[in-house]
Amino acid sequence: MAGGSGGAGALINWIDVRDSDYELFEEWYLGQHLEERVGVPGFIRGRRFRAIDERSPGRYLTVYTTESVDVLASAPYLARLDTPTELTREVVARFALFRRAAARITARDGVATSGRVAVIELDPGTTAGVAELLQSSILPQARESRQILSALFFEPDTAATAAKASTQEGQAGTESLGPALLVADLSPVAEPGWPADVQRRLEQHGAVVLEPARLYDLIVDLSHDALQEGIGRADR
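It should be emphasised that the depicted structure is a prediction, and the values quoted were computed from it without experimental measurement.

A. Layout of the packing of aromatic side chains. Tallied over the entire structure, the rule returns 10 aromatic pairs. Between Phe 25 and Tyr 29 the ring centres are 5.6 Å apart and the planes differ by 80°, which places this aromatic pair in the edge-to-face class. Residue Phe 25 and its partner Tyr 29 are located together in helix α1 (residues 22–38), separated by 4 residues, close to a single helical turn. Residue class for Phe 25 comes out buried when judged on its relative accessible area of 1%. Taken together through their ring pairs, the aromatic side chains of Tyr 22, Phe 25, Trp 28, Tyr 29, Tyr 60, Phe 95 and Phe 98 make up a single cluster. The positively charged end of Arg 99 is found above the aromatic ring belonging to Trp 14, 3.9 Å away from the centroid.

Listed below in structure tokens is the structure:
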């Protein structure tokens, strides 16, 4: 288990907004959207990040983990996408970039998380054997040497991505298979060059890098269990 996710599926979002829309974007995401998504049955956790280099595309990254990839084609989730709130409609229409993809978690190591992750995007057509390489050597070695606390490797899922594309909210974004994605929670004592070293090892294996290793800082982390507990307390 990595990052305490415990699941086998994931929904990954890349979003960019103009500076003039930033305040509304944050109001929507933190005040409505994150809890709405994480509250869907089968969702486990949502973690939202901001690129430390501040550049676009892909300035904001959100990773939702789910019990299985089938959750992303389930009736409760698709119904939520097909009935967006008025605020959702307004905010999504202002996105400068909105890319979303469903994925399977095919390699994982560790359970602890940190406030900074390294992210590497790979061409999914070139990742044969990558999950096995990560699981058997790269990730365990990195955790034992205190480079990472945990990591997840995501590979895109065709059916779940297609299911979302037909919904009202799905039509507002760019649904695609997306890249294969390595997301590693860095240790506080990680060497600055570790992400680039891993990238080189993956390239030597034959994987094609679409986006070089990039660092993101955590903005918010919300689990389904914590959300339900909070709702339960409020109802008492």
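Moving on from the model shown.
B. Layout of unusual backbone geometry. Residue Pro 57 is reached from Ser 56 by a cis peptide bond, and omega for that bond is 0°. Along the chain, Pro 57 turns up in the loop between β2 (43–51) and β3 (60–66). Unusually for a residue other than glycine, Glu 54 sits at a positive phi of about 65°. You can see Glu 54 is positioned in the loop between β2 and β3. Taking relative accessible area as the criterion, Glu 54 reaches 36% and is therefore assigned partly exposed. If you check the backbone angles, Arg 146 has positive phi at about 65° while not being a glycine. Judged by relative accessible area, which is 52%, Arg 146 ranks as exposed.

C. Structural view of the pattern of salt bridges. Taken as a whole, this structure holds 19 salt bridges when the rule is applied. With a closest N to O distance of 3.5 Å, Asp 221 and Arg 47 form a salt bridge. Placement of Asp 221 in strand β9 (residues 209–223) and of Arg 47 in strand β2 is noted, with a sequence separation of 174 residues between them. Accessibility expressed as a relative area gives 30% for Asp 221, which makes it partly exposed. You can call Arg 47 buried: its relative accessible area is 8%. With a shortest N-O distance of 3.7 Å, Asp 157 and Arg 104 are connected by a salt bridge. Placement of the pair is Asp 157 in the loop between β6 (148–156) and α5 (158–165) and Arg 104 in strand β4 (residues 97–109), with a sequence separation of 53 residues. With relative accessibility at 13%, the residue Asp 157 sits in the buried group. Residue Arg 104 is classed as partly exposed on the basis of its relative accessible area of 34%. Three or more residues joined by partner-sharing salt bridges are found here, namely Asp 19, Arg 50, Glu 54 and Arg 59.

D. Focus on the environment of Ile 120. Along the chain, Ile 120 falls in strand β5 (residues 116–122). Classification of Ile 120 as buried rests on a relative accessible area of 3%. Counting along the chain gives 91 residues from Ile 120 to Glu 211, while the straight-line C-alpha distance between them is 6.1 Å. The contact partners of Ile 120, leaving out residues within four places of it in the chain, are Ala 180, Leu 181, Leu 182, Pro 195, Val 198, Gln 199, Val 209, Glu 211 and Ala 213.

Calculation rules
Residues numbered from 1 in each chain as written. Predicted model: local features only at pLDDT ≥ 70, side-chain atom pairs only at ≥ 80, totals over all residues. Heavy atoms only, no water. Phe/Tyr/Trp six-rings, centres within 6.5 Å; stacked < 30°, edge-to-face > 60°. Helix = DSSP H or I, 4+ residues; strand = E, 2+ residues; numbered from the N terminus. Buried < 20%, exposed > 50% of the residue type's maximum accessible area, 1.4 Å probe, protein only. Lys NZ or Arg CZ within 6 Å of the ring centre and 35° of its normal. Salt bridge = Lys/Arg side-chain N within 4 Å of Asp/Glu carboxyl O. Contact = heavy atoms within 4.5 Å.

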